Amino acid sequence: MIKSAAMKQFAHPLMINHRRQGSAAIRASQALSVRRGFTLIELLIVIVILGLLLSLVAPAMFSKVGSSQRKAAMAQMQMLSTALDTYRLDVGTYPKALSELRKGDAPGWDGPYLPRELPLDPWGQPYVYSPEGGDAGNPYTLRSHGKDGREGGEGDDEDIIYQ
């Protein structure tokens, strides 16, 4: 008896509380450990909500792709225009073809005027260059035929002309 009274005096308060509650506390902790995941209905609800959100956001995002490709084409044509103008300053005339910006044998040629090979437009087609002046009084014409790769068109297929 003395031994048990001494043990009660030094026993941890949670241990005593656990003994009082008995098996009810054990059953409650086991019930909580059984329910740790999500039910199928909860997962389906989350998937439906995500699908609805994507159906609202996706059209707005995909409509930006066409305009970003057009902006990329304009930026590349600006770079080509700078290289063409530098070529003219060194040689005195514009090149007959864009390939002369990388390799040339004209007197005064101090290239290459492009750091890498000639870029293709965002749709994988070569840029169209003509050393004859354009209709806006430019000394050359530089264009991309757009998504369809053919002259003319509307929307994403419309030609992009550098001016």
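Note that the structure is predicted; figures quoted are calculated from it, not measured.

### Observations regarding the side chain of Ser144
Secondary-structure assignment places Ser144 in strand E2 (residues 141–144). Polar contacts involving the side chain of Ser144 include one to the side chain of Asp121, which spans 2.7 Å. Contact partners of Ser144, with chain neighbours within four places excluded, come to Met77, Asp121, Trp123, Tyr127, Asp159 and Ile160.

### Observations concerning the packing of aromatic side chains
The full count for this structure, using the stated rule, is four aromatic pairs. With 6.0 Å between their ring centres and 45° between their planes, Tyr129 and Tyr140 make a pair best called tilted. Remark: Tyr140 occurs in the loop between strand E1 (128–130) and E2 and Tyr129 occurs in strand E1; sequence separation between them is eleven residues. Across the pair, Tyr140 and Tyr129 agree in class, each one buried.

Calculation criteria
- Residues numbered from 1 in each chain as written.
- Predicted model: local features only at pLDDT ≥ 70, side-chain atom pairs only at ≥ 80, totals over all residues.
- Heavy atoms only, no water.
- Helix = DSSP H or I, 4+ residues; strand = E, 2+ residues; numbered from the N terminus.
- Polar contact = N/O pair within 3.5 Å; in protein donor to acceptor, adjacent residues only side chain to side chain.
- Contact = heavy atoms within 4.5 Å.
- Phe/Tyr/Trp six-rings, centres within 6.5 Å; stacked < 30°, edge-to-face > 60°.
- Buried < 20%, exposed > 50% of the residue type's maximum accessible area, 1.4 Å probe, protein only.

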